[in-house]
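What follows is each chain in one-letter form.
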Amino acid sequence: MSAAPSVALALGSGGARGLAHIAVIEALDELGVRPKVIAGASIGALIGAGFAAGIAGRDIRDAVTGLLRNRPEVMRRLMTVRVGRVSDILSIGHPMLLDAEGFVEQFLPPEIPHDFERLQIPFVAVATDFWRRGEVAYATGALRPAIAASIAVPGMLRPVEHDGRVLVDGGAVNPLPFDLLRGAADIVVAVDVTGGAVEGEDRVPAPFEALFSTFAVMSHAIVAEKLKSGAPDLLLQPNVSAFGLLDFFRATPILRAAEPIKEEVKRKLGAFLEL
């Protein structure tokens, strides 16, 4: 008998909308599909590392929703990793609020190891080299600094100094890193949560909403251009555009909105795999 086709998985950036990645992982679990390799940018790196560590989608969901229901505990952890005063986030001269590496230590589950080599599935985390103005893809060595760098959203998380570089959010250069997986597996699956048009809105956004949402618009435009030059075998776009990048306390509605993507995964990927 011939072996089943192998699958590579790319999980994109998108802030809280990236919680929709959990629904995709649950669908893969239900299909019995274990990716050959995973790549992630920003929130995709955070959740992708959990999947690569062997944590089931249902367990990731329970951990995320359980924590985010406990707002006081979330705020307690955030306060332990703040940079300067909380009021500094309103200062143009010092807009950073949270230490990215401290954030990772506070919020990553203990099942995620400290080194790439100890993961159950090979994993690539994408970050942006701030001074060299380019993409950096980490797949070996220290895992947690690479994840911290990948999620270091400018204006929210302090840049990470790692490997002789100053690093920020991977979504700035490669918000959907499916291109890093070409040739790594028979089927490349990419999950885009950059968000499309938001219908019915005509209000002027608040300053920080405008800042972070503009970052999302830029990411969406980068993905659109990448798709023109070569799309993955299966592109998944959960219907979560109505949610903001910082809507983490709306985890349950986000996951509810993403639920239909599970049937799409099963139908389309199942057709590829002849399941």
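Preceding this section is the structure that the text describes.
Here is what the cut-offs are and how they apply
Residues numbered from 1 in each chain as written. Predicted model: local features only at pLDDT ≥ 70, side-chain atom pairs only at ≥ 80, totals over all residues. Heavy atoms only, no water. Buried < 20%, exposed > 50% of the residue type's maximum accessible area, 1.4 Å probe, protein only. Helix = DSSP H or I, 4+ residues; strand = E, 2+ residues; numbered from the N terminus. Pairing = 2+ DSSP bridges. Salt bridge = Lys/Arg side-chain N within 4 Å of Asp/Glu carboxyl O. Expected span 1.5 Å × (residues − 1). Contact = heavy atoms within 4.5 Å.

Engineer: Honestly, the pairing of strand S4 (residues 123-129) in this entry has me stumped. Any pointers?
Structural biologist: Remark: a regular strand shows side chains that alternate across the two faces of the sheet. In terms of residue burial, S4 counts as a mostly covered element, since seven of its seven residues are buried. Going residue by residue along S4, you find Phe123, Ala125, Ala127 and Asp129 tucked away on one face and Val124, Val126 and Thr128 tucked away on the opposite face as well. With five bridges connecting them, S4 and strand S5 (residues 134-138) associate as antiparallel partners. Bridge pairing links Val126 to Ala137 in S5. The hairpin turn running from S4 into S5, its antiparallel successor, is four residues long, and Arg133 in that turn takes a positive phi close to 60°. By the bridge criterion, three bridges tie S4 to strand S8 (residues 165-169) in an arrangement that is antiparallel. Paired with Ala127 across the bridge in S8 is Asp169.

Engineer: Would you mind showing me how to read the pattern of salt bridges here?
Structural biologist: Opposite charge on two side chains permits them to pair, given that their charged atoms come into close proximity. A full pass over the atoms with the stated rule returns 18 salt bridges. A salt bridge links Arg58 to Glu26, with the shortest nitrogen-to-oxygen separation between them at 3.9 Å. One end of the pair, Arg58, is in helix H3 (residues 57-68); the other, Glu26, is in helix H1 (residues 21-31), and 32 residues separate them in sequence. Via salt bridges that share partners, Glu26, Glu30, Arg58, Arg61, Glu259, Lys262, Glu263 and Lys266 belong to a single interconnected network.

Engineer: Would you mind showing me how to read helix H9 (residues 260-273) here?
Structural biologist: Because an α-helix completes one turn every 3.6 residues, residues spaced three or four positions apart along the sequence face the same direction. For H9, built from 14 residues, the straight-helix expectation of 20 Å at 1.5 Å per residue is met to within 8% by its first-to-last C-alpha distance of 20 Å. Inspection of H9 places Ile261, Lys262, Glu264, Val265, Leu269, Gly270 and Leu273 among the buried residues, and these make up the whole buried set. Contacts from the buried residues of H9 go to strand S1 (7-11), H1, strand S9 (187-191), strand S10 (234-236) and helix H8 (251-258). Positive phi appears at Glu274, one or two residues downstream of H9, with a value of about 60°.

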